[in-house]
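Listed below, chain by chain, are the residues.
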Amino acid sequence: MLLSTLSVAGLAGAPERRWSDLDRLALLSPDQEGMAALDALALVRATLDGSLPEELLAARGLLAEAELVLEAGRPEQIGGFDPGAVRAWLSPTAGRRVRVSATFELDPPLFGQLRRHAARDPRLAMALGESPTLTLDIGWLFTRDLAVASTTLHRIHVGGTPFPTTGKDGAAWLTEILSQLSARLGEARVHSGDPAEQLLAAMLSDDPQQRARFARAAAALEAPPFELPPLRLVQASTGPASAFGLELQRARQLGPHAERALEWVVAVHLEAPDVLIVPHEPSAPLREWLGRATTGDGASLEQVIALGRA
């Protein structure tokens, strides 16, 4: 699955902006406009999955604790915003409304899921024949005091055909497909602490695929651009911990480079979403490494979206 087109209206730096023909390594301008694109993708993820708004919005300084009203696992209303932060985040010309449209190119598994539903929905079969794409049109509307936002999935298009999203006419396949879509979008977290528990779970998993992911993550730490000693997992007094080399040095001892390397290999090789969103500007060597993760037989990602100068 790939993000091909993104449109946003209502955010500071992008009162109305469209990005199209996005590459597998899509570099956005490292300025307010690029940040608005990344924030727009965060809004897409927060609208699709009620477990994500607090993490995504708190990371952007917009709220400390979300007050959610959910429907079918998706948020209908989010409270707890910092009005001053929201005011600075919104475009002065947008009023209190943000609109986002995102078009995804379907991969064979997602296309196959929709094809199964198309057996009971002739319009869906025709739409898939027209174009194997899915477009979400999302809106957020803030209250006058900017403390609460209502979120709406206005429309979903398969190819060029719109399908209802609510009420008795809502598409029967919508919840399943949106859940799959949400799971395929991920964000590289920074300063999130030692991911030793994730690494240990993958290493000891009875799923061969998870064990293979751990092996790839460990190998990546030793290769450029990280070039760290071999990864070891040790049992510390507070639980599992990541260590390196025969001396079992902790990542902190090797410096911030080692701590960030752990986070990168977990995002790329363990979590491995189709589309990895990077909410900052990675270094040139790291961008090259991320680009290689989207190509060839060993690719773990379909696409990376990050800030950076081409």
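This text follows the structure it describes.
Nothing here was measured: the structure is a model prediction, and the numbers come from that model.

**Student:** I tried to follow helix α10 (residues 256–271) on my own but got confused; where do I start?
**Tutor:** Along an α-helix, residues three or four positions apart point the same way, because every turn accommodates 3.6 residues. Helix length check: α10 (16 residues) gives 21 Å between terminal C-alpha atoms against 22 Å at 1.5 Å per residue, within 8%. Taken as a whole, α10 has its buried residues at A258, A261, L262, E263, W264, V265, V266, A267, V268, H269 and L270. Looking one or two residues beyond α10, the residue adopting positive phi is A272, at roughly 45°.

**Student:** In this structure, what is going on with the packing of helix α7 (residues 196–204) against helix α8 (residues 208–222)? I would like to understand it.
**Tutor:** Any two packed helices are characterised by the angle at which their axes cross and by the distance between the axes. At a closest axis distance of 7 Å, the pairing of α7 and α8 adopts a crossing angle of 125°. For the element pair α7 / α8, the angle class is oblique. As α7 runs across α8, the sense of the crossing is left-handed. On α8, the residues that touch L199, A202, M203 and L204 of α7 are Q210, R211 and F214.

**Student:** Would you explain the pattern of salt bridges in this entry?
**Tutor:** Note on pairing: side chains with opposite charge can pair once their charged atoms come close. This model, assessed by the stated rule, comprises nine salt bridges. Members of the salt-bridge network, linked through shared partners, are D39, R45, R60 and E187.

**Student:** Any chance you could explain the packing of aromatic side chains here in plain terms?
**Tutor:** Two aromatic rings are characterised by how far apart their centres lie and by the angle between their planes. Inspection of the entire model under this criterion finds three aromatic pairs. Measuring from centroid to centroid gives 4.9 Å for F226 and W289, while their planes differ by 75°, and the two rings are edge-to-face. Of this pair, F226 sits in the loop between α8 and β11 (231–236) while W289 is found in helix α11 (residues 284–292), placing the two residues 63 residues apart along the sequence. For the pair F226 and W289, one class covers both residues: buried. Following the ring pairs from residue to residue traces out a cluster consisting of F81, W89 and F142.

**Student:** So what exactly am I meant to see when it comes to unusual backbone geometry here?
**Tutor:** Across the chain, the bulk of peptide bonds are trans and the bulk of non-glycine residues have phi less than zero. Omega for the bond connecting P224 with P225 falls within 30 degrees of zero, at 5°, which places this linkage in the cis form. Note that P225 resides in the loop between α8 and β11. Non-glycine residue L146 carries a positive phi angle of around 65°. Mapped onto the elements of the fold, L146 is located in the loop between β7 (133–142) and β8 (148–158).

**Student:** Please explain the sheet that holds strand β3 (residues 25–28) as it appears in this structure.
**Tutor:** In a beta sheet, neighbouring strands are held together by backbone hydrogen bonds and run either parallel or antiparallel to one another. If you trace the four strands from one edge of the open sheet to the other, you get β3-β15-β14-β10, paired in parallel fashion. Here the strands that pair on one side only, and so sit at the sheet edges, are β3 and β10 (185–187). Each neighbouring strand pair of the sheet contributes to a mean axis angle of 20°, computed without reference to strand direction. Bridge count between β3 and strand β15 (residues 303–307): four bridges; the pairing is parallel. Among the inter-strand pairings, L27 is bridged to a residue of β15, identified as A306.

**Student:** How should the packing of α8 against α10 be read in this particular structure?
**Tutor:** It is the contact of α8 with α10, at a shortest axis distance of 9 Å, that shows an interaxial angle of 145°. Crossing of α8 over α10 shows right-handed handedness. Residues R213, F214, R216, A217, A220 and L221 of α8 touch α10, and the partners they reach there are A261, L262, V265, H269, L270 and E271. Counted by class, the contact of α8 with α10 contains eight nonpolar, one polar and three charged residues.

**Student:** It is not clear to me how the sheet that holds strand β13 (residues 249–250) should be interpreted in this structure. Could you clarify?
**Tutor:** In space, the three strands of this open sheet follow the order β11-β12-β13, with antiparallel pairing throughout. Looking at strand neighbours, the two that pair on one side only are β11 and β13, the edges of this open sheet. Across six bridges, the pairing between β11 and strand β12 (residues 239–244) is antiparallel. Note that in β12 the partner of R232 across the bridge is A243.

Cut-offs used in this document
- Residues numbered from 1 in each chain as written.
- Predicted model: local features only at pLDDT ≥ 70, side-chain atom pairs only at ≥ 80, totals over all residues.
- Heavy atoms only, no water.
- Helix = DSSP H or I, 4+ residues; strand = E, 2+ residues; numbered from the N terminus.
- Expected span 1.5 Å × (residues − 1).
- Buried < 20%, exposed > 50% of the residue type's maximum accessible area, 1.4 Å probe, protein only.
- Axes fitted to C-alpha atoms, helices over the stretch in contact; angles between N-to-C directions.
- Parallel < 35°, antiparallel > 145°, perpendicular 65-115°, else oblique.
- Left-handed = near helix turned anticlockwise from the far one by under 90°.
- Contact = heavy atoms within 4.5 Å.
- Salt bridge = Lys/Arg side-chain N within 4 Å of Asp/Glu carboxyl O.
- Phe/Tyr/Trp six-rings, centres within 6.5 Å; stacked < 30°, edge-to-face > 60°.
- Pairing = 2+ DSSP bridges.
- Nonpolar A, V, L, I, M, F, W, Y, C, P; charged D, E, K, R; others polar.

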